[in-house]
Amino acid sequence: MKIGNVTLPSPFVVAPMAGMTDTAFRRLVKRHGGCGLVVTEMVSSEGLVRGIDRTLEYAEYTEEERPVSIQIFGGDPEKMAAAARVVETMGADIVDVNMGCPVPKIAKHNAGCSLMREPEHAATVIEAMVKAVKIPVTVKMRAGWNDGERNAPELAKRVQDAGAAAVTIHGRTAQQSYTGLADWDLVARVSQELSIPVLGSGDCIDPQQVIDRLHAGVSGVLVGRGVLRNPWILAQAADIAAGDPPRTITMRARGEFLLDYLELLLNERVDEAAGFRHVAPGTTDHDASAPDRGSRIASDGSRVARGREKWVINKIRALCSWYSKGLDAGSHLRIRVNSAQSIAELREIVDEFFVLASPAVPV
Ligand SMILES: Cc1cc2nc3c(=O)[nH]c(=O)nc-3n(C[C@H](O)[C@H](O)[C@H](O)COP(=O)(O)O)c2cc1C
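Residues numbered from 1 in each chain as written. Predicted model: local features only at pLDDT ≥ 70, side-chain atom pairs only at ≥ 80, totals over all residues. Heavy atoms only, no water.

S.K.: Give a detailed account of the overall build of the protein chain, specifying residues and quantitative values.
M.R.: What the protein chain contains, in helices and strands, is 15 helices and 15 strands. Its C-alpha atoms give the protein chain a radius of gyration of 20 Å, near enough to 21 Å, the size a compact globule of 363 residues would have. Summarising its shape, the C-alpha atoms of the protein chain cover approximately 60 × 50 × 35 Å along the three principal directions. Taking all contacts inside the protein chain whose residues are at least 6 apart in sequence as the whole, residues at least 24 apart take part in 70%. (Helix = DSSP H or I, 4+ residues; strand = E, 2+ residues; numbered from the N terminus. Rg over C-alpha atoms; globule rule 2.2 N^0.38 Å. Contact = heavy atoms within 4.5 Å.)

S.K.: Talk me through the environment of Asn-146; I want residue IDs and the actual numbers.
M.R.: Position of Asn-146 among the secondary structure elements: in the loop between β9 (137-144) and α6 (152-161). Asn-146 sits in the buried class, given a relative accessible area of 16%. When the C-alpha atoms of Asn-146 and Ser-10 are compared, they prove to be 32 Å apart, with 136 residues separating the residues in sequence. Among all residues touching Asn-146, those that are not within four sequence positions of it are Thr-173 and Gln-175. (Buried < 20%, exposed > 50% of the residue type's maximum accessible area, 1.4 Å probe, protein only.)

S.K.: So what's going on with the site of the ligand? Which residues, and what values?
M.R.: Taken together, 16 residues form the shell around the ligand, and within it Pro-16, Gln-71, Ser-201, Asp-203 and Arg-225 come nearest. Within the backbone of Gly-224, an N or O atom sits 2.8 Å from an oxygen atom of the ligand. When the free accessible area of the ligand is taken as 610 Å², the share hidden by the protein chains comes to 89%. Of the residues in the shell around the ligand, the class split is seven nonpolar, six polar and three charged. (Near = heavy atom within 4 Å. Polar contact = N/O pair within 3.5 Å; in protein donor to acceptor, adjacent residues only side chain to side chain. Areas by Shrake-Rupley, 256 points an atom, 1.4 Å probe, with all protein chains shown as cover. Nonpolar A, V, L, I, M, F, W, Y, C, P; charged D, E, K, R; others polar.)

S.K.: Before we move on, can you summarise the confidence of the model for the protein chain with the specific residues and values?
M.R.: A residue-level look at the protein chain finds 91% of positions with pLDDT of 70 or above and a mean pLDDT of 92. The low-confidence segment residues 287-295 (pLDDT under 50) makes 23 contacts with residues lying over four places distant or belonging to another chain. (pLDDT = per-residue confidence, 0-100.)

S.K.: Please set out the nonpolar core residue by residue, giving values where relevant.
M.R.: Met-99 and Met-141 are the most contacted members of the largest nonpolar core, which totals 103 residues. Tallying contributions element by element places helix α11 (residues 251-266) first for this core, with nine residues. Among residues more than four places away in sequence, those in contact with Met-141 are Met-99, Gly-100, Met-116, Ala-152, Leu-155, Ala-156, Val-159, Val-167, Thr-168, Ile-169 and His-170. Ranked by size, the runner-up nonpolar core spans twelve residues in total, among them Ile-3, Ala-15, Val-39 and Ala-166. (Core = buried A, V, L, I, M, F, W, Y, C linked by side-chain atoms within 4.5 Å.)

S.K.: Tell me about empty space enclosed by the protein, residues and numbers included.
M.R.: It is a probe the size of a water molecule, rolled over the atoms, that shows where empty space is left. On inspection of all chains with the given rule, the structure shows one cavity of 30 Å³ or more. Here the largest cavity defines a volume of roughly 110 Å³. What lines the largest cavity is a set of 16 residues, among which Leu-37, Val-39, Asp-96, Thr-138 and Thr-168 lie closest to the centre. Looking at the lining of the largest cavity, the elements that each hand over two or more residues are β4 (37-39), β8 (94-99), β9 and β10 (166-173). When the residues that make up the lining of the largest cavity are grouped by side-chain class, the tally is eleven nonpolar, three polar and two charged. (1 Å grid on protein atoms, 1.4 Å probe; cavity = no way out; pocket = protein on both sides within 12 Å on 5 of 7 lines; lining within 4 Å. Points joined across faces, edges and corners; volume = space filled by probe spheres on them.)

S.K.: Tell me about the packing of helix α1 (residues 23-31) against α11, and name the residues and values.
M.R.: Helices that pack against each other are described as a pair by the angle of their axes relative to one another and the distance between those axes. Contact geometry of α1 with α11 gives a least axis separation of 9 Å together with a crossing angle of 140 degrees. As far as their axial angle goes, α11 and α1 are oblique. Along this stretch, α1 crosses α11, giving a crossing that reads as right-handed. Where α1 abuts α11, its residues Ala-24, Phe-25, Arg-27, Leu-28, Val-29 and Arg-31 lie against Phe-257, Asp-260, Tyr-261, Leu-264 and Leu-265. Partitioning the contact of α1 with α11 into residue classes produces eight nonpolar, no polar and three charged. (Axes fitted to C-alpha atoms, helices over the stretch in contact; angles between N-to-C directions. Parallel < 35°, antiparallel > 145°, perpendicular 65-115°, else oblique. Left-handed = near helix turned anticlockwise from the far one by under 90°.)

S.K.: Can you lay out the packing of aromatic side chains for me, pointing to particular residues and giving the numbers?
M.R.: A complete count under the given rule lists six aromatic pairs for this structure. For the ring pair Phe-257 and Tyr-323, a centre distance of 6.0 Å and an interplane angle of 20 degrees mean the geometry is stacked. Linking Phe-257 in helix α11 with Tyr-323 in helix α13 (residues 309-323), this pair joins segments that are 66 residues apart in sequence. For the pair Phe-257 and Tyr-323, a shared accessibility class is recorded, and that class is buried. Members of the aromatic cluster, joined through ring pairs, are Phe-25, Trp-232, Phe-257, Tyr-261, Tyr-323, Phe-353 and Phe-354. The lysine or arginine in question, Arg-142, covers the ring of Tyr-178, its NZ or CZ lying 5.2 Å from the ring centre. Looking at Arg-254, its charged tip hangs above the ring of Tyr-323, at a distance of 4.4 Å from the centre. (Phe/Tyr/Trp six-rings, centres within 6.5 Å; stacked < 30°, edge-to-face > 60°. Lys NZ or Arg CZ within 6 Å of the ring centre and 35° of its normal.)

S.K.: I'd like to hear about unusual backbone geometry, residue by residue, with values.
M.R.: Here the residue pair Arg-66 and Pro-67 is connected by a cis peptide bond, since its omega of -5 degrees sits within 30 degrees of zero. As for its placement among the helices and strands, Pro-67 is situated in the loop between β6 (61-62) and β7 (68-73). Positive phi outside glycine occurs at Arg-269, with the angle close to 70 degrees. Following the sequence through the fold, Arg-269 ends up in the loop between α11 and β13 (277-278). One non-glycine residue, Ala-329, lies in positive phi territory at about 60 degrees. Judged by its relative accessible area of 45%, Ala-329 falls in the partly exposed class.

Below you can see the structure in the form of structure tokens.
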């Protein structure tokens, strides 16, 4: 599949998920295979342009993740165009516009899903961005604002005319938030009506569902919560697409994923080669300005991350609230992880739950 001039090695995509799909997580998913594109957590256009937002690091990515799409939000055409230029300068493959976020903090600023309520203005935003950059500009939207305004078909056409290279539709309205079910019939219909690739998003929890959705007539499928529950879901979907049975994932492998994620988070920015991390201009140098984000020399002479423990523990807790779903005694794991006070304790819990308890049981 191609989006503009960017070839995706597979039609399966890690959906953007604020707070969850950071660069460490995306790298690990990518390593397991099947993944054609990753999208960053959404980042503010205003912040990117001014170079002073606390959340600029959401735009970070590493070479290993390519092709990479950076998702931005905002409602001002000029600022969105300028932010797209920043994204292009960062070397990203694609710039994606968030027209799906229903959170009032975002939507009230003429951004996120509220752009769907102003189709003409939304098209102006896309037009300005397309003029400003050579990389493909894509849009991620919902079915509409509410049941009375399910205008994804109309808006998708408008942004196509404005120069968008692809559209993703999460088949729920903003009002639905995450309740009910995604309307994949609507997604497939829009896909038929447009000449650019249309990707769908919503409710793929097992790899066969990803394949079924693809066959229902879209160019690609984004998987969000399903990847948080099972980071191998894209690799398993690729297995099925290749005519093979989906690979089995042992409990041990699942435990190792959590431990690998923990290590990557803990060692972020510690001894990284120059250029390893593509960052937005103005991203704070944490080593200099925030001592709790830097590194120190341990008593044995090794360099270790310091002060990040609390942040890492919270990240692991957040992932485990999804990761534990559908596992035997998953709630037990959640409770233990939520009460862990140290990284050492977390490692012990993961070892006990995934590795020692049932070393060879596939899930
Ligand atoms: C925790 C969380 C954070 C999300 N953050 C974003 C975001 O930053 N940008 C975006 O376009 N969609 C975001 N979404 C929506 C997902 O990308 C996806 O469209 C939606 O969850 C439906 O797909 P799923 O059922 O596979 O999760 C988020 C969803 C979740 C659950």
